[in-house]
Amino acid sequence: MKRRRRSMMQRVIVIIIGTLLLNFLVGCFALYRLMQSNTNYIYQLSEELMNASVTEMEQQLYNIQNILYDIIVSDEIQEAGSMLLADKDQGTRSTMERVVGMNAIIDRIQKGISANHSIVCAHFLDDTRTVRTIAATRYFELSEEAAQMVYDRAVAARGETVLLNGLEAGAGENLLVLAKEVREKKDLSLRHMGVVVLFADLEQMGRLLTDSHDGIFVLQSSDGRLQFVLNDEEGLLETYKIPDLQGKSYTSCEIGDQRYFVVRLHKTGRCFSYMALVAYEALFGGIEKTFGFYVCMFLLCSTAVMFLAVFFTGGVMKDIRLFIRYISKQPSKDSLQLSSCMEETIRDKDVYALQTAFNAMSERINDLIKDNYTKQLLIKETQVQALQAQMNPHFLYNTLNSVYWMAQTAGMTAAAEMIKSLGILLREAVDKEELAIPIDKELDIVCHYFVIQKHRYEERLNLEFDVSDLCSDSIIPKFAIQALAENAIAYGLECILIPCTIRIRIFPEGDDCICQVRNNGPQPEKDLMERLREKKLKTKGNGIGILNIEQRVKYLFGEEYGLELFREGEETVAQIRMKRITIKEYEEGGQSGQRLQDHDCR
């Protein structure tokens, strides 16, 4: 079947139409996300503005509970209640004594509630369910059934504060009823004395909230039993059901003939959680109109752009063909130079700019080829110089030893310690005969490395060692733990401002030995080991440290062993899994030892 071929003009038209359609969809999605972002911003702003009022209201509720507790444990209440209980037990209680005791209790309750204007009334229910009323700003008389219900609920709570809706107690709407049982403290008898009931006006407490912010506010207890509605002047929530957010922080819904933006405040108090209902039109009406206007304008502009693009495509395609024809004449891959394009017949400004950019790119590539060639020569020269520097390491050891004794003699103890540790590290690094060493010796190398780093970072660097005796004589590739500790400093300590703790933990696991270097630095990049193996990640150093350790471990112990990086809790862990082999077994093994010695671990 013969394949149908299309001209460049047709392809460009298809691309333009597709691009405009994609841009339209992306634009709509971007606007939708912008609207969501604005909604989230409005939610956060509303929450921040109302948090202060909610905190104040919660503080008032907390003060009322403290007042109730202070009344119950006060000496006056306890003494009067104990006297009444004693008279009752002896059967000698007279009417006058009972009146005196009750008056003492009522006086103490009156004194307690007078300091808080939100408490409008109080009751005391004695052991005979007799109601004693103490009015502050309003008077409420509990019915016999309501008094019995409040009394039973308070006794069943066993000392906990019981919260009730004023409607349950027959006191009225938006009244919070707090009831608490009074027990005798004397001799820790905890005998029942009665129940104190306080009536708090939620509308008065919530006035700071309703006067400062428009909207309807719903207060709900954590168990869902109590619910209060503030600032609902039209009585909407008496007719319609309160919206269910289903775990979300905010939503929008229709209530009656009006749409509301419903917000659940994360500022949850000791008694209630808070929900605010604000008119949706007042918050988002302008955003929705802007969204509709944008869609219309985008459609009109897209149509105009598509028409103009088709009109001007012909001339642009001609210039592009000229430029493509020149590019196809570039030298072969064996050539090290690119030539510049000097086509003067190109009229389109953008294609001409493309030609200019191509010429600049060609010149840059030619310069890079030349620079790369020069750098390769410098690298070779540096390698030769490095080999020459290794010819006589004893001169370096003797020099460092002399500097060490000079610093020691001059009283520069810290400098002497650093020079001594540096000399030991250099001696171990240059020594190529010992490529697998016991873990104890590797830890000595690590300790000398940390002596230098501890003087450098001081209090920012904390060290912890947890080494099992069962693994101390097992072998490990030389400088393996030191390299992981160096990575922990480079990618852990140097990336955070707080002190960094590096923990070296070595423990057995079956026939294996696990070596972990942990730090509380930032989390490593996802799939770091795979990206390093595939050379897709540019590291701070030369990029071979971690892979070098893994290769040496696998070469020594087998492919089932190696190195892995992961996050555990708040720590980044570099973990080496090795087979538990002592230095004696390693030296007698022959084949395994030869494998490691033949492997270039540098």
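Conventions and cut-offs
Residues numbered from 1 in each chain as written. Predicted model: local features only at pLDDT ≥ 70, side-chain atom pairs only at ≥ 80, totals over all residues. Heavy atoms only, no water. Helix = DSSP H or I, 4+ residues; strand = E, 2+ residues; numbered from the N terminus. Buried < 20%, exposed > 50% of the residue type's maximum accessible area, 1.4 Å probe, protein only. Contact = heavy atoms within 4.5 Å. pLDDT = per-residue confidence, 0-100. Expected span 1.5 Å × (residues − 1). Pairing = 2+ DSSP bridges. Axes fitted to C-alpha atoms, helices over the stretch in contact; angles between N-to-C directions. Parallel < 35°, antiparallel > 145°, perpendicular 65-115°, else oblique. Left-handed = near helix turned anticlockwise from the far one by under 90°. Nonpolar A, V, L, I, M, F, W, Y, C, P; charged D, E, K, R; others polar. Patch = residues over 30% accessible without salt bridge, like charges linked within 9 Å, V, L, I, M, F, W, Y side chains within 5 Å. Areas by Shrake-Rupley, 256 points an atom, 1.4 Å probe, with all protein chains shown as cover. Salt bridge = Lys/Arg side-chain N within 4 Å of Asp/Glu carboxyl O. Lys, Arg positive; Asp, Glu negative; His and termini not counted. Charge placed at Lys NZ, Arg CZ, Asp CG, Glu CD. Core = buried A, V, L, I, M, F, W, Y, C linked by side-chain atoms within 4.5 Å. 1 Å grid on protein atoms, 1.4 Å probe; cavity = no way out; pocket = protein on both sides within 12 Å on 5 of 7 lines; lining within 4 Å. Points joined across faces, edges and corners; volume = space filled by probe spheres on them.

For the rest of this paragraph, the subject is the overall build of the protein chain. The helix and strand inventory of the protein chain stands at 17 helices and 17 strands. Expressed as a percentage of its 602 residues, the buried residues of the protein chain come to 40%. Intrachain contacts of the protein chain at a sequence separation of at least 6 include 62% that bridge at least 24 residues.

Now for the confidence of the model for the protein chain. Summary statistics for the protein chain give a mean pLDDT of 77 and a share of 79% for residues scoring 70 or more. Within the protein chain, helix 17 (residues 591-598) has the poorest average pLDDT of any element, 41, and strand 15 (residues 512-519) the best, 94. This stretch, residues 591-602, has a pLDDT under 50; its non-local contacts, to residues over four places away or in other chains, come to 27 contacts.

It is worth spelling out unusual backbone geometry at this point. Positive phi values are uncommon outside glycine, yet R158 reaches one of about 55 degrees. On the secondary structure map, R158 appears in the loop between helix 4 (144-156) and strand 3 (162-165). Judged by its relative accessible area of 67%, R158 is exposed. With phi around 55 degrees, E458 is a residue other than glycine that occupies positive phi space. Positionally, E458 belongs in the loop between helix 12 (439-457) and strand 12 (461-467). Judged by relative accessible area, E458 falls into the partly exposed class, the value being 46%.

End to end, helix 15 (residues 545-557) covers 18 Å across 13 residues, agreeing with the expected 18 Å (1.5 Å per residue, within 8%). Where helix 15 ends, the next residue or the one after it, G558, has phi of about 120 degrees, a positive value.

The strands that make up a sheet pair up through hydrogen bonds in the backbone, lying either parallel or antiparallel. On the basis of which strands lie adjacent, the open sheet formed by 5 strands has the order 2-1-5-4-3 and antiparallel pairing. Two strands bound the open sheet, and with one partner strand each, they are strand 2 (131-135) and strand 3. Averaged over neighbouring strand pairs, the angle between their axes works out to 20 degrees when direction is ignored. The pairing of strand 1 (residues 119-126) with strand 5 (residues 192-201) spans 7 bridges and is classified as antiparallel.

In this section: the packing of helix 13 (residues 480-491) against helix 15. Between two packed helices, the angle of one axis relative to the other and the distance separating the axes together describe the packing. Across the interface, helix 13 lies against helix 15 with an axial gap of 10 Å and an inter-helix angle of 155 degrees. With respect to each other, helix 13 and helix 15 are oriented roughly antiparallel. Here helix 13 runs over helix 15; the crossing is left-handed. In this structure, helix 13 uses A480, A483, L484 and N487 to contact helix 15, whose residues at the interface are I546, I549 and R552. Among the residues making up the contact of helix 13 with helix 15, the classes are represented as 5 nonpolar, 1 polar and 1 charged.

Before going further, it helps to examine the side chain of S474. In this structure, S474 sits in the loop between strand 12 and strand 13 (475-477). When sequence neighbours within four positions are dropped, the list of residues in contact with S474 reads I437, P438, I439, R580, I581 and T582.

Right, let's get into a nonpolar patch on the surface. Taken together, the side chains of Y41, L45 and L49 define a hydrophobic patch exposed on the protein surface, amounting to about 310 Å² of accessible area. Among the secondary structure elements, L49 is positioned in helix 1 (residues 8-73).

Judged by side-chain charge, D440, D444, D469, D473, E585, E587 and E588 come together as a negatively charged surface patch. Within the residue set of the negative patch, elements represented by two or more residues are helix 12 and helix 16 (583-589). If you trace the backbone, E585 turns up in helix 16.

Turning next to the sheet that holds strand 10 (residues 272-279). One open sheet accounts for 5 strands, arranged 7-6-10-9-8; its pairing is antiparallel. In this open sheet, the two edge strands, each paired with only one partner strand, are strand 7 (227-230) and strand 8 (250-255). With strand direction ignored, the average angle separating the axes of adjacent strands in the sheet is 25 degrees. Where strand 6 (residues 216-221) meets strand 10, 6 bridges bridge the pair, whose relative direction is antiparallel.

Once that is clear, we can look at the nonpolar core. Counting residues in each nonpolar core, the largest one holds 50 residues, and the members touching the most others are I109, L176, V196 and F272. Here the element with the most residues in this core is helix 1; it accounts for 12 residues. If near-sequence neighbours (up to four positions away) are discounted, V196 is found in contact with L68, I71, I72, I109, H123, F124, L178, A179, K180 and V182. Residues I437, I481, A485 and F557 belong to the second largest nonpolar core, which totals 48 residues.

Turning our attention to the pairing of strand 14 (residues 500-509). Taken together, the 7 bridges between strand 12 and strand 14 define a ladder with parallel strand orientation. Looking at strand 14, one finds that V467 is bridged to I506. The pairing of strand 14 with strand 15 spans 8 bridges and is classified as antiparallel. Residue I506 lies in a different strand from strand 15, and its bridge partner there is C515. The loop that links strand 14 with its antiparallel partner strand 15 comprises 2 residues; one of these, G510, has a positive phi angle of about 70 degrees.

In this section: the layout of surface pockets. Here the second largest pocket defines a volume of roughly 290 Å³. D214, G215, I216, Y260 and L277 are the residues nearest the centre of the second largest pocket, which is lined by 14 residues in total. Contributions of two or more residues to the lining of the second largest pocket are made by strand 9 (258-265) and strand 10. The greatest single-element share of the lining of the second largest pocket, amounting to 3 residues, is contributed by strand 10. In the lining of the second largest pocket, the residues fall into 7 nonpolar, 3 polar and 4 charged.

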